[in-house]
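Close look at the chain arrangement
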Amino acid sequence: MTIFCSHCHRPLQAETSCPPRRGKRAPSAPRRFRSTKSASKARRDQINVELQALRSLLPISTREKEQLSYLHTMALVCFRLRGAQLFPPDSAPPAGPALGTELLALLPGFLLVLSANGKLVYISENVAQVLGLSMVELLAQGDTVFDILDGRAHEDAHKKLLLAQEEPGREVTFVSEMRTSKAFRLQHGGNRAVAVRGRFMALRWPACPSTTVFLALCTPITQFPADGDAGSQDDLFQSTHILDMTIIDVTESVTYHLGYHREELIGQSWYSLLHPEDTDLAAAQHRAVGESLGAGAAAEPAVLRVLRRDRAWAWLRVSARRDGGGRAITCTSRCLR
């Protein structure tokens, strides 16, 4: 039996093989690169050198630089790059630092600038007067506005930002607790309640997400009192509703807070008094109480705007619970100043 070569098709003799073809080499096995301890250390050292160089360029004090971790350093670098992209150094009018400090001192709160996706772009230095944390310390919490808000407020803040983004120029407001320093929490018993009021603005035309920012003024309000705090009873009124939230009774103190006489509110729907932007939040609280069976069931407190008799909006922190054997809903409303 004759055996032919698979390459040149010439017959092969026993114990012989076809000579290799000229000009071509058999493919060699791929080389495998192994990471050694020395190579890994060299890469880490190079990364550390680059991070030290970036840290040295940050416009913050030497003391603050010494306290930065590597992740915190990168967060600050990204924060500065976002600000430089939206506010180029040559686009801003010259202003001395003394003038900026004096203007900030006149504000009732601090300034906050966000990108279209909620990333922090700018926080004014007077944030320390409101939250007890400097801008650098606040960024240690994260690089989005949701990182500095209380977890329960994320959904409401997200909805308000989407609403403002859909209608540029429309002002939106939401109230939330913001994270504070440990010393502040020990002194005041918790985080700081802040009203965030702002709108989306196009910095350059044509407007697009990369050139649009949310500019807001964050104003502190009175601390949220504990529900059982007897020392703050003057700041509240109570209302009783049937299960569809029609008012069937309300305390006389409502006149002081909202301006209505008790008789004017009985028979009205609670929803007729709410700000249109807050009806979804109130409805969620209503559902949470309505789906619970039996007396005593309660929902998480909600911060809502309610129309006063003089047509102004009053901010209330409303706690709702099932009462009257489960046949009624009692709301305790605290006025936020």
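Given the structure is predicted, the values throughout are model-derived calculations rather than measurements. Counting restarts for each chain, with residues numbered from 1 along the sequence as it is written. Residues qualify for local features only when their pLDDT is at least 70, as the model is predicted, and side-chain atom pairs are given and counted only at 80 or more; totals for whole chains, interfaces and linings, by contrast, use all residues. Where side-chain values are given, they derive from all heavy atoms of the structure, hydrogens and water being excluded.

So, about the overall build of the chain. Only DSSP runs of H or I with at least four residues qualify as helices, and only runs of E with at least two residues qualify as strands; both kinds are numbered from the N terminus onward. Along its length, the chain carries twelve helices and twelve strands. Categorising residues by exposure relies on relative accessible area from a 1.4 Å probe, with only protein chains included: less than 20% of the type maximum marks a residue as buried, more than 50% marks it as exposed, and the intermediate range marks it as partly exposed. When each of the 337 residues of the chain is scored for burial, the buried share is 39%. For the chain, restricting intrachain contacts to residue pairs at least 6 apart in sequence, the fraction spanning at least 24 positions comes to 51%. As displayed, the chain offers around 20400 Å² of accessible surface, 56% of which is attributable to carbon and sulfur atoms. Contact definition: two residues touch when any of their heavy atoms are within 4.5 Å. Using the Shrake-Rupley algorithm and a 1.4 Å probe, accessible areas are obtained, with residue cover drawn only from the displayed protein chains.

This part takes up the pattern of salt bridges. In what follows, salt bridge is the name for a side-chain nitrogen of Lys or Arg lying within 4 Å of a carboxyl oxygen of Asp or Glu. Applying the stated rule across the entire model yields 14 salt bridges. The partner of Lys41 in a salt bridge is Asp45, and the shortest N-O contact between them spans 2.9 Å. Within this pair, Lys41 and its partner Asp45 are both found in helix α1 (residues 37–57), separated by four residues, close to a single helical turn. Here Lys41 falls in the partly exposed class, since its relative accessible area comes to 45%. For Asp45, a relative accessible area of 33% corresponds to the partly exposed category. Between Glu171 and Arg199 there is a salt bridge, with the nearest N and O atoms lying 3.3 Å from each other. Taken together, the residues Glu171 in the loop between α8 (154–166) and β5 (172–178) and Arg199 in strand β6 (residues 192–202) connect sequence positions 28 residues apart. Glu171 sits in the partly exposed class, given a relative accessible area of 37%. One network of salt bridges, with partners in common, ties together Asp156, Lys160, Glu167, Arg170, Glu277, Asp278 and Arg305.

Right, let's talk about the layout of surface pockets for a bit. Each pocket or cavity is described by its volume, and for the second largest pocket that value is around 750 Å³. Of all the elements in the fold, those that place two or more residues in the lining of the second largest pocket are α8, β5, α12 (279–290), β10 (302–307) and β11 (313–323). In terms of residues, the lining of the second largest pocket owes the most to one element, α12, which gives six residues. Split by residue class, the lining of the second largest pocket holds 14 nonpolar, three polar and 14 charged. Of the two site types, the cavity is a set of points on a 1 Å grid over the protein atoms alone where a 1.4 Å probe fits but cannot get out, and the pocket is an open set with protein on both sides within 12 Å along at least five of seven lines, each lined by residues with an atom within 4 Å of a point. Grid points are joined across faces, edges and corners, and a volume is the space filled by probe spheres set on the points. Each residue is assigned to one of three groups, with Ala, Val, Leu, Ile, Met, Phe, Trp, Tyr, Cys and Pro labelled nonpolar, Asp, Glu, Lys and Arg labelled charged, and all others, Gly among them, labelled polar.

Moving on: the sheet that holds strand β12 (residues 328–335). Pairing between strands requires that DSSP locate at least two bridges from one strand to the other. Overall, antiparallel pairing links the five strands, which are arranged β9-β8-β12-β11-β10 in an open sheet. Strands with a single pairing partner mark the edges of an open sheet, and in this sheet they are β9 (247–250) and β10. Mean inter-strand twist for the sheet, computed between neighbouring axes without regard to direction, equals 35°. Direction of pairing for strand β8 (residues 236–241) relative to β12: antiparallel, over a ladder of six bridges. Fitting a line to C-alpha atoms yields each axis, with helices limited to the stretch in contact; the angle taken between N-to-C directions then spans 0 to 180 degrees.

Per the UniProt record, "domain: PAS" (unreviewed entry) is found at residues 102–168 and 247–278. As annotated, residues 247–278 comprises 28% helix and 12% strand, and the C-alpha atoms at either end are separated by 18 Å. UniProt positions are given in the numbering used here, feature names are shortened, and annotations may be inferred rather than shown by experiment.

For the structure shown, the criterion picks out two cavities of 30 Å³ or more. The calculated volume of the largest cavity comes to roughly 70 Å³. Forming the walls of the largest cavity are Met245, Trp270, Tyr271, Ala282, Gln285, His286, Val289, Ala320, Ile329 and Cys331. For the lining of the largest cavity, the secondary-structure elements that each account for two or more residues are α12 and β12. The leading source of residues in the lining of the largest cavity is α12, at four residues. Its residues placed into classes, the lining of the largest cavity shows eight nonpolar, two polar and no charged. Roughly 40 Å³ of volume is contained in the second largest cavity. Lining the second largest cavity are Phe237, Ser239, Ile247, Val250, Val254, Leu258, Leu265, Trp270 and Leu273. Of all the secondary-structure elements, those providing two or more residues to the lining of the second largest cavity are β8, β9 and α10 (254–258).

What follows concerns the sheet that holds strand β7 (residues 212–220). Spatial ordering of the open sheet is given by β4-β3-β7-β6-β5, a layout of five strands whose pairing is antiparallel. Bordering the open sheet on either side are β4 (120–123) and β5, each of which pairs with just one other strand. This sheet shows a mean twist of 25° between the axes of neighbouring strands, independent of strand direction. Sheet analysis places β5 next to β6, joined by seven bridges and oriented antiparallel. Opposite Phe174, over in β6, you have Val196 as the bridge partner. Of the strands in this sheet, β3 (110–114), β5, β6 and β7 touch α8, which is tilted by about 155° from β5.

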